Amino acid sequence: MQKEILESIKKLVPGENFYEGIDIALGVEHFSTEMTARMIQKVHEGFSGWNNAEPPDEDVIWRLLGKATLAQAGRATEKDLVDIANLAMILWTRRRARE
């Protein structure tokens, strides 16, 4: 999938869409760095199993919904927003592992 994304970026011609593509790539890169740092922090706190397809996903889904509720209410911190992304990534990773 990453290869497909890179190929679609290469097809963009210089112009407004090209620079928007660059901005998207940079935004994702910066945000993913924050996601990685937060995941490593959670490992140091004793959390594990994020990529294990076996455990049920209900706990992750409830934590995601709780954080999303904070965001919807305008009360989410930057850390909460990174947690939302990480929780979604955990669900995505586990689903792919089950396929």
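Everything here concerns the structure above.
To start, this report covers the structure provided alongside it. Please read all numbers here as calculations on a predicted model, not as lab measurements.

## Notes on the overall build of the protein
Move 1: For the protein, the helix and strand inventory stands at 4 helices and 0 strands.
Move 2: Its helices and strands in sequence order give the protein the pattern α-α-α-α, from N to C terminus.
Move 3: The 99 residues of the protein split such that 18% are buried.
Move 4: Here the protein displays about 7900 Å² of accessible surface, and carbon together with sulfur accounts for 60% of that area.

## A short note on a nonpolar patch on the surface
Move 1: Residues Tyr19, Ile22 and Leu26 make up a contiguous nonpolar surface patch of about 290 Å² in total accessible area.
Move 2: Position of leucine 26 relative to the elements: it lies in helix α2 (residues 16–44).

## So, the pattern of salt bridges
Move 1: Across all of its chains, the model carries 7 salt bridges by this definition.
Move 2: A salt bridge links lysine 67 to aspartate 80, with the shortest nitrogen-to-oxygen separation between them at 2.8 Å. Placement of the pair is lysine 67 in helix α3 (residues 58–72) and aspartate 80 in helix α4 (residues 78–98), with a sequence separation of 13 residues.
Move 3: The shortest N-O distance in the salt bridge between aspartate 83 and lysine 67 comes to 2.9 Å. Of this pair, aspartate 83 sits in helix α4 while lysine 67 sits in helix α3, and the two are 16 residues apart along the sequence.
Move 4: A relative accessible area of 9% means that aspartate 83 is categorised as buried.
Move 5: The network of salt bridges with shared partners includes Arg38, Lys67, Asp80 and Asp83.

## Observations regarding α3
Move 1: An ideal rise of 1.5 Å per residue puts 21 Å on 15 residues; α3 measures up with 21 Å between its terminal C-alpha atoms.
Move 2: Directly after α3, the chain includes glycine 74, whose backbone phi takes a positive value near 75°.

## Quick notes on the environment of alanine 88
Move 1: Structurally, alanine 88 can be placed in helix α4.
Move 2: On the basis of relative accessibility, which here comes to 37%, the residue alanine 88 falls in the partly exposed class.
Move 3: Through-space distance from the C-alpha of alanine 88 to that of valine 60 is 8.4 Å; in sequence the pair is 28 residues apart.

## Let's talk about the packing of α3 against α4
Any two packed helices are characterised by how steeply their axes cross, that is the angle between the axes, and by the distance between the axes.
Move 1: Two elements in contact, α3 and α4, have axes separated by 9 Å at closest approach and are oriented at 150°. Between α3 and α4, the angle falls in the class roughly antiparallel. Of the two elements, α3 crosses α4, and the hand of that crossing is left-handed. Residue-level contacts link Val60, Ile61, Arg63, Leu64, Lys67, Ala68, Leu70 and Ala71 of α3 to Asp80, Leu81, Asp83, Ile84, Leu87, Ala88, Ile90, Leu91 and Arg94 of α4.
Move 2: Looking at the contact of α3 with α4 residue by residue, the classes come out as 12 nonpolar, no polar and 5 charged.

Rules and cut-offs
Residues numbered from 1 in each chain as written. Predicted model: local features only at pLDDT ≥ 70, side-chain atom pairs only at ≥ 80, totals over all residues. Heavy atoms only, no water. Helix = DSSP H or I, 4+ residues; strand = E, 2+ residues; numbered from the N terminus. Buried < 20%, exposed > 50% of the residue type's maximum accessible area, 1.4 Å probe, protein only. Areas by Shrake-Rupley, 256 points an atom, 1.4 Å probe, with all protein chains shown as cover. Patch = residues over 30% accessible without salt bridge, like charges linked within 9 Å, V, L, I, M, F, W, Y side chains within 5 Å. Salt bridge = Lys/Arg side-chain N within 4 Å of Asp/Glu carboxyl O. Expected span 1.5 Å × (residues − 1). Axes fitted to C-alpha atoms, helices over the stretch in contact; angles between N-to-C directions. Parallel < 35°, antiparallel > 145°, perpendicular 65-115°, else oblique. Left-handed = near helix turned anticlockwise from the far one by under 90°. Contact = heavy atoms within 4.5 Å. Nonpolar A, V, L, I, M, F, W, Y, C, P; charged D, E, K, R; others polar.

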